[in-house]
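Below are the chains, spelled out letter by letter.
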Amino acid sequence: MRKLFAITLSVVLLLSMSVNAFAADSQIAGEGAIGQSTVYYQAPSTFSIVIPETIYIMDGYTFTATEINISSNLKVFMRITNLDENNILTLTNTETGDTLNMEITGLDEKQRCAIFEPDNLTSTLTISGVVRNNGENPRAGEYTGIMEFVIGTGAA
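Residues numbered from 1 in each chain as written. Predicted model: local features only at pLDDT ≥ 70, side-chain atom pairs only at ≥ 80, totals over all residues. Heavy atoms only, no water.

1. Remarks on the layout of surface pockets
Approximately 650 Å³ is the volume attributed to the largest pocket. Residue lining of the largest pocket: 25 residues in total, with Ile55, Leu91, Tyr143, Thr144 and Gly145 positioned closest to the centre. Taken together, the elements giving at least two residues each to the lining of the largest pocket come down to β4 (88-93), β5 (99-105) and β8 (143-144). The element best represented in the lining of the largest pocket is β5, accounting for three residues. A class-by-class count of the residues in the lining of the largest pocket yields 18 nonpolar, four polar and three charged. (1 Å grid on protein atoms, 1.4 Å probe; cavity = no way out; pocket = protein on both sides within 12 Å on 5 of 7 lines; lining within 4 Å. Points joined across faces, edges and corners; volume = space filled by probe spheres on them. Helix = DSSP H or I, 4+ residues; strand = E, 2+ residues; numbered from the N terminus. Nonpolar A, V, L, I, M, F, W, Y, C, P; charged D, E, K, R; others polar.)

2. Some details on the nonpolar core
Across soluble globular proteins, nonpolar side chains show a tendency to be buried alongside one another. Among the nonpolar cores identified, the biggest contains 24 residues, and Phe63, Ile80, Ile104, Phe116 and Ile127 are the most heavily contacted of them. Those elements that provide at least two residues to this core are β2 (65-69), β3 (74-80), β4, β5 and β6 (112-116). Element by element, the count of residues in this core is highest for β3, at four residues. Not counting the four nearest positions on each side in its chain, isoleucine 104 is found in contact with Ile57, Ile80, Leu83, Asn87, Leu89, Ile127, Ser128 and Met147. (Core = buried A, V, L, I, M, F, W, Y, C linked by side-chain atoms within 4.5 Å. Buried < 20%, exposed > 50% of the residue type's maximum accessible area, 1.4 Å probe, protein only. Contact = heavy atoms within 4.5 Å.)

3. So, a nonpolar patch on the surface
A contiguous nonpolar surface patch, about 230 Å² in accessible area, is contributed by Phe47, Ile51 and Ile151. Within the element layout of this structure, phenylalanine 47 appears in strand β1 (residues 46-49). (Patch = residues over 30% accessible without salt bridge, like charges linked within 9 Å, V, L, I, M, F, W, Y side chains within 5 Å. Areas by Shrake-Rupley, 256 points an atom, 1.4 Å probe, with all protein chains shown as cover. Salt bridge = Lys/Arg side-chain N within 4 Å of Asp/Glu carboxyl O.)

4. Focus: the sheet that holds strand β7 (residues 128-131)
Strands sit in the order β7-β5-β4-β8 across an open sheet of four strands; the sheet is antiparallel. The open sheet has two edge strands, β7 and β8, and neither has a second partner. Here β5 pairs with β7 via four bridges, running antiparallel. Each residue of the ladder has a partner; that of threonine 105, found in β7, is serine 128. (Pairing = 2+ DSSP bridges.)

5. Looking at the sheet that holds β3
The sheet built from three strands is open, its strands ordered β6-β3-β9 with antiparallel pairing. On the outer flanks of this sheet lie β6 and β9 (149-155), each paired with one strand and no other. Between one strand axis and the next, the sheet turns by 25° as a mean value, whatever way the strands run. As defined by bridge partners, β3 adjoins β9 across seven bridges and the pair is classed as antiparallel. Residue pairing across strands places arginine 79 opposite valine 150, the latter belonging to β9. (Axes fitted to C-alpha atoms, helices over the stretch in contact; angles between N-to-C directions.)

6. Comments concerning the pattern of salt bridges
Tallied over the entire structure, the rule returns four salt bridges. In this structure, the salt-bridge partner of glutamate 103 is arginine 132, at a minimum N-O distance of 2.5 Å. One end of the pair, glutamate 103, is in strand β5; the other, arginine 132, is in the loop between β7 and β8, and 29 residues separate them in sequence. Residues aspartate 108 and arginine 112 are paired through a salt bridge, measuring 2.6 Å at the closest nitrogen-oxygen approach. For the residue pair aspartate 108 and arginine 112, the accessibility class agrees, reading buried in each case.

Set out below in structure tokens:
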């Protein structure tokens with residue numbers, strides 16, 4: 001009976017064993033044996049785009065960066081998020097409250113206002129503005145509006 005119990009217990013223990021199997025792993029044995037492993041590290045992309053407090057859009061503007069450290073297969077993209085479907089930004093006269101429509105031009109086909117390539121601190125795009133005020137001349141004075149931006153990375 002003891003032999004039967006011992007054999008059954010041995011079989012149960014054998015069946016409950018787990019064995020790790022990794023195809024790429026190797027085993028070394030014996031004193032003085034040598035092995036090696038590949039060490040992997042992915043350095044993160046870092047970038048810092050300058051967003052100026054004021055842009056005089058009629059002169060054109062090219063965005064710059066203080067740092068672009070990205071993989072060679074990536075680009076940093078910037079979009080203006082608060083334009084309408086015609087790329088219009090509404091500006092308001094600071095004295096009278098009158099408004100005018102400013103079309104932002106120079107965007108690429110994906111509506112990006114700036115594209116930065118690896119190690120390039122100057123955008124490949126320059127944006128500017130065109131007054132689109134239904135043929136009417138806007139009242140003289142200073143007009144302002146707010147541009148909101150979103151920045152991301154993607155394939156080159």
